[in-house]
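# Notes for the structure review
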Amino acid sequence: MRVRRVQASPVPLAYGGHPDHAADLFLPAEGAGPGVPLVLFFHGGFWRAEHDRQHVAGFARALAAQSGCAVVSVEYRRVGGGGGWPVTLTDAAQAVDRLPRLVAQAAPGRVDPARVVYAGHSAGGHLALWAALRHRLPDGAPGRTETPPAVLGVLALAPTADLAWADELGSGRGAVAAFLGGAREKVPDRYAAADPSALGVPAGRTVVVHGALDEALPVAMARRYTARVGATLHELPGAGHFDVIDPGAAAWPVVTEGVRTVVAGVEV
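What you are looking at is a predicted structure, and each value in this text was computed from that prediction instead of being measured.

What follows covers the overall build of the chain. Summing up its helical and strand segments, the chain has eight helices and eight strands in all. In terms of overall size, the chain behaves like a compact globule, its C-alpha atoms giving a radius of gyration of 17 Å where 268 residues would be expected to give roughly 18 Å. Judged by the C-alpha coordinates and their principal axes, the chain covers about 55 × 40 × 35 Å. The 268 residues of the chain split such that 57% are buried. Look at the contacts in the chain between residues 6 or more apart in sequence, and 77% of them connect residues 24 or more apart. Of the roughly 10100 Å² of accessible surface on the chain, a fraction of 53% belongs to carbon and sulfur atoms.

Taken as a whole, this structure holds five aromatic pairs when the rule is applied. Ring plane angle 40° and centroid distance 4.6 Å describe the contact between Phe-41 and Phe-59, whose orientation is recorded as tilted. Of this pair, Phe-41 sits in strand E3 (residues 36–42) while Phe-59 sits in helix H1 (residues 57–67); the two residues are 18 residues apart in sequence, bridging distant segments of the chain. Taking NZ or CZ as reference, Arg-224 lies 4.1 Å from the ring centre of Trp-165, over its face.

Below, the discussion takes up the sheet that holds strand E2 (residues 22–26). The sheet built from eight strands is open, its strands ordered E1-E2-E4-E3-E5-E6-E7-E8 with mixed pairing. The open sheet has two edge strands, strand E1 (11–14) and strand E8 (232–236), and neither has a second partner. When strand polarity is set aside, the average angle formed by the axes of neighbouring strands in this sheet is 20°. When E1 meets E2, the two strands line up antiparallel, connected through four bridges. Among the inter-strand pairings, Pro-12 is bridged to a residue of E2, identified as Asp-24. Across the sheet, helix H3 (residues 123–131) is in contact with E3, strand E5 (111–121), strand E6 (153–157) and strand E7 (205–211); its angle to E5 comes to roughly 135°.

Judged by nonpolar contacts, the single largest core of 63 residues is most densely connected at Phe-42, Trp-47, Val-72, Leu-99 and Tyr-118. Apart from residues lying up to four places away in sequence, Tyr-118 is in contact with Leu-40, Val-96, Ala-128, Ala-131, Ala-132, Pro-149, Val-151, Gly-153, Val-154 and Leu-155. Membership of the second largest hydrophobic core comes to 27 residues, among which are Val-56, Phe-59, Leu-155 and Trp-252.

The rules behind each value
Residues numbered from 1 in each chain as written. Predicted model: local features only at pLDDT ≥ 70, side-chain atom pairs only at ≥ 80, totals over all residues. Heavy atoms only, no water. Helix = DSSP H or I, 4+ residues; strand = E, 2+ residues; numbered from the N terminus. Rg over C-alpha atoms; globule rule 2.2 N^0.38 Å. Buried < 20%, exposed > 50% of the residue type's maximum accessible area, 1.4 Å probe, protein only. Contact = heavy atoms within 4.5 Å. Areas by Shrake-Rupley, 256 points an atom, 1.4 Å probe, with all protein chains shown as cover. Phe/Tyr/Trp six-rings, centres within 6.5 Å; stacked < 30°, edge-to-face > 60°. Lys NZ or Arg CZ within 6 Å of the ring centre and 35° of its normal. Pairing = 2+ DSSP bridges. Axes fitted to C-alpha atoms, helices over the stretch in contact; angles between N-to-C directions. Core = buried A, V, L, I, M, F, W, Y, C linked by side-chain atoms within 4.5 Å.

Take a look at the structure:
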């Protein structure tokens, strides 16, 4: 695999007025060519404030170097830090709506803001899928759009793709209920507006990468979700939850090829 250089430091961006409306832009080196695609990446951590984008800085840098895309690592408000329902979702919507233009201004000619991929890991995978489903949200739901997002597709790494199922499993020590304010029986409208498994097919092409030995979210969740929406699933034998964001893991080439698949719109 060809490894490209990445500029020395990420470019800081602010997509809103809150301190957590922040993002880091990782650009391939100048030789990567003009008008490269843009990946908007949401970190995981079960939507909780103790986990921020710093834990995926190495991932974002490596993805920019090896995929040939610009990568923006997006921060957002999280449970315990002013986030949760509906703030985390509206932050994600604001991020994807504003960041392509901000990137184009920060790096003129370097990035094509019309070729955008949403991506994320774990809870961030949920946000990436949800962002590509905003045209399918119920009327009045936070973040709803009338038309499909202008996105090439989604790369979801070990995503929380089925919120109701994850809540039943108690994933992340009750993370879904903390995020949405209760179980589905208590707040069904929130699940209807936030759960990718209930919202249909996302805009663009969807590729899911999930480890067969994932200890946080079962690979069966990815199997059921991808079968339901017709997405591509790359199931990785021997891989756990964090292998999919580890540039040194055996899963890494599958992740970088997943980005290229979404950008190209065909298997590559």
